Amino acid sequence: MNEQGAFEGGWADTERRPPLQAGATYAAKRRSAVSERFPGERVVVPSGGLKVRSNDFDHAFRPHSAFVHLTAELGTHAVPDSVLVFEPTGTGHTVTLFTRPRSPRDGGPNGADFHSDRRYGEFWTGRRRTLPETSAELGVEAAAREDLERALRGRVPTRVLRGVDAHVDALVAPHARADADAELDRVLSELRLVKDEWEVTQLRTAVDWTAAGFRDVVGELPRAAQLARGERWIEGTFNRRARLGGYGLGFETIAAAGAHACVLHWTRNHGPVRDGDLLLLDAGVEADSFYTADVTRTLPVGGRFSDVQRRVYDLVHAAQSAGIDALRPGARYGDFHAAAMRVIAEGLDAWGLRPYGRTARTPESDLYRRYTLCGSGHMLGLDCHDCAGARRETYLDGVLEPGHVLTVEPGLYFQPDDLTVPAELRGIGVRIEDDFLVTADGALCLSSELPRGADEVESWMASVR
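Conventions we followed
- Residues numbered from 1 in each chain as written.
- Predicted model: local features only at pLDDT ≥ 70, side-chain atom pairs only at ≥ 80, totals over all residues.
- Heavy atoms only, no water.
- Core = buried A, V, L, I, M, F, W, Y, C linked by side-chain atoms within 4.5 Å.
- Buried < 20%, exposed > 50% of the residue type's maximum accessible area, 1.4 Å probe, protein only.
- Contact = heavy atoms within 4.5 Å.
- Phe/Tyr/Trp six-rings, centres within 6.5 Å; stacked < 30°, edge-to-face > 60°.
- Lys NZ or Arg CZ within 6 Å of the ring centre and 35° of its normal.
- Helix = DSSP H or I, 4+ residues; strand = E, 2+ residues; numbered from the N terminus.
- Polar contact = N/O pair within 3.5 Å; in protein donor to acceptor, adjacent residues only side chain to side chain.
- Pairing = 2+ DSSP bridges.
- Axes fitted to C-alpha atoms, helices over the stretch in contact; angles between N-to-C directions.
- Salt bridge = Lys/Arg side-chain N within 4 Å of Asp/Glu carboxyl O.
- Expected span 1.5 Å × (residues − 1).
- Arc of directions from axis to C-beta.
- Parallel < 35°, antiparallel > 145°, perpendicular 65-115°, else oblique.
- Left-handed = near helix turned anticlockwise from the far one by under 90°.

Caption draft 1: Examining the nonpolar core more closely. Among the nonpolar cores identified, the biggest contains 67 residues, and Phe-214, Ile-234, Leu-348, Leu-406, Leu-412, Phe-414 and Val-430 are the most heavily contacted of them. Filtering out sequence-adjacent residues up to four positions away, Val-430 remains in contact with Leu-278, Leu-280, Thr-298, Val-312, Tyr-313, Val-316, Pro-410, Gly-411, Leu-412 and Tyr-413.

Okay, structure coming up:
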């Protein structure tokens, strides 16, 4: 018997009849919005494919956020190399999801894939849905990925979300309009600015699991303080909770102790976590639906802030509180950052810290960038820094609306080798970050379970430990 013959016959009927996923109804509305925006044109949105980690091992698959938004696909079911195609009709579009179905067991043309394809074969990577199962769960017509090339033929003006799937990019000639594909990217990004009810539920779930991860970390601080690479223990503690409660991480966990907290995106996480130092933990659980939280707390490793640590922490907390107070529908997006920076500026001035002095060459807005480099927040959703492709006038220069979800996260970072600050401040980094839903009359803190003020942080840590 040849190898293929060993796998032929004797397979049970395992076809399932799954219900429509809860998010599928909302995804259908989003697809309708895309259809209305591009009448008479074909629209192609790929999921993207696997990326090699080393030799024959791939990174965990994570579909493109625009694809997820239009399908409500879940991490536990997502299939690499899927492509969503909007085909124009006289009254709108028919939408088909081209995807890789279950590996056949019938010995047909692809019958050996089940056991011989180490990258996609189900013997190697697990069960996929059949096409009818995919259609039932997502509420969209499903077809085999191998039929995609035929579907993309014809002289139909076609927009592609490019840079996601090289094979799809090669199949479709450029649109007659040079900016057509870039416009599609912008539209898909802006479509995510206002979250619907289902999306808010997913974000709440992600935030709740993130809060649980922070509690886990506080409980593990004594153990971390005993290890040469305690930051790795902190990272692993949070990451375990992320995998338990969601699909995984929304971004690489920042577990920055001591002077590492002065590095905005410290993810090496190879340093010690010493009693007496601060730990800046910036982390977020990504739910099975791919919506992510993004929360930061700066915690005294021993449970109590020193006087100088508290002084810096209190200023950042006051700045964050001012930013939060500026969140309301109708406010300019930049208002919360401006409010936070006013408090930072006043505090630093009171401490006599103005590194460049008052010179004609230094704009007022840049006077404090040495100590607080970046903006004070960002949109949040399927991406940690969500809606990045949106036009400036709809995002950075736009107006807050009910349904916007964003972070407020001012910080102060005094580099350990910065001679413009007193020695006692050098190596102290503090950031406080929470996630907010803009409502009809203000903003709701989704991460309010975690304390913000210094006294509350100390009391909370004592209760957890």
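On we go.
Caption draft 2: Fine view of the packing of aromatic side chains. Using the criterion set out here, one finds 11 aromatic pairs in the structure. With a centroid separation of 5.3 Å and 90° between ring planes, the pair formed by Tyr-333 and Phe-336 is classed as edge-to-face. A relative accessible area of 2% means that Phe-336 is categorised as buried. Of the aromatic side chains, those joined through ring pairs into one cluster are Phe-7, Trp-11, Phe-114 and Phe-123. Of note, Arg-100 hangs over the ring of Tyr-120, and the distance from its end group to the ring centre comes to 3.7 Å. Sitting over the ring of Trp-351, Arg-311 keeps its end group 4.8 Å from the ring centre.

Caption draft 3: Inspection of the side chain of Thr-407 at higher detail. As for its placement among the helices and strands, Thr-407 is situated in strand β13 (residues 405-408). Looking at Thr-407, the relative accessible area reads 0%, which means it is buried. Within the local environment of Thr-407, its side chain forms a polar contact with the side chain of Glu-409, the two groups lying 3.4 Å apart. Beyond its immediate chain neighbours, meaning those up to four positions away, Thr-407 contacts Asp-294, Phe-336, Ser-376, Gly-377, His-378, Leu-380, Glu-433, Asp-434 and Asp-435.

Caption draft 4: Highlighting the sheet that holds strand β1 (residues 42-46). A sheet is described by the order of its strands in space; here five strands give the open sequence β6-β5-β4-β1-β7, paired in mixed fashion. Where the open sheet ends on each side, the last strands, each with one partner, are β6 (141-144) and β7 (158-160). Going from strand to strand, the sheet's axes swing by 25° on average, the running direction of each strand aside. Strands in contact with helix α1 (residues 24-37) are β1, β4 (83-88) and β5 (93-99); relative to β4, the strand with the most contacts, it is inclined by about 45°. Contacting β1 and β7, helix α8 (residues 180-190) crosses the sheet at an angle of about 60° to β7.

Caption draft 5: Inspection of the pattern of salt bridges at higher detail. Evaluation of the coordinates by the stated rule reveals 34 salt bridges. Arg-192 is paired through a salt bridge with Asp-383; the nearest N and O atoms lie 3.3 Å apart. Of this pair, Arg-192 sits in the loop between α8 and α9 (197-224) while Asp-383 sits in the loop between α12 (335-350) and β13, placing them 191 residues apart in sequence. By relative accessible area, which is 27% here, Asp-383 ends up partly exposed. We note a salt bridge from Asp-397 to Arg-392, for which the minimum N-O separation is 2.9 Å. Among the residues examined, Asp-397 registers a relative accessible area of 35% and is labelled partly exposed. Linked through salt bridges whose partners overlap, the residues forming this network are Arg-37, Glu-41, Arg-159, Arg-177, Asp-179 and Glu-183.

Caption draft 6: Layout of the environment of Val-95. Secondary-structure assignment places Val-95 in strand β5. Through-space distance from the C-alpha of Val-95 to that of Pro-422 is 62 Å; in sequence the pair is 327 residues apart. Not counting chain neighbours up to four residues away, the residues in contact with Val-95 comprise Arg-31, Leu-84, Val-85, Phe-86, Val-140 and Glu-141.

Caption draft 7: Fine view of α1. For α1, built from 14 residues, the straight-helix expectation of 20 Å at 1.5 Å per residue is met to within 8% by its first-to-last C-alpha distance of 20 Å. Every buried residue of α1 is listed here: Ala-24, Ala-27, Arg-30, Arg-31, Val-34 and Ser-35. The buried side chains of α1 occupy one side of the element, clustering within an arc of 145° when seen end-on. More than 90 degrees from the buried face of α1, the exposed residues found are Lys-29 and Glu-36.

Caption draft 8: Quick peek at the pairing of β13. Burial along β13 is two-sided: Val-405 and Thr-407 facing one way and Leu-406 and Val-408 facing the other are all buried. Two strands pair when backbone bridges link them, and β13 and strand β16 (residues 434-439) are joined in this way by four bridges, in the antiparallel orientation. If you follow Val-405 over to β16, its bridge partner there is Leu-437.

Caption draft 9: Local environment of the packing of helix α11 (residues 307-325) against α12. Contact geometry for α11 and α12: axes closest at 7 Å, N-to-C directions at 150°. Classified by the angle between their axes, α11 and α12 sit roughly antiparallel to one another. The way α11 lies across α12 gives a crossing that is right-handed. Between α11 and α12, the contacting residues are Leu-315, Ala-318, Ala-319, Ala-322 and Gly-323 on the first element and Phe-336, Ala-339, Ala-340, Val-343, Ile-344, Gly-347 and Leu-348 on the second.

Caption draft 10: How the structure looks around the pairing of strand β17 (residues 442-445). Pairing between β16 and β17: four bridges, direction antiparallel. For Phe-436, the partnering residue across the bridge sits in β17 and is Cys-445. Connecting β16 to the antiparallel partner β17 that follows it, the hairpin turn spans two residues.

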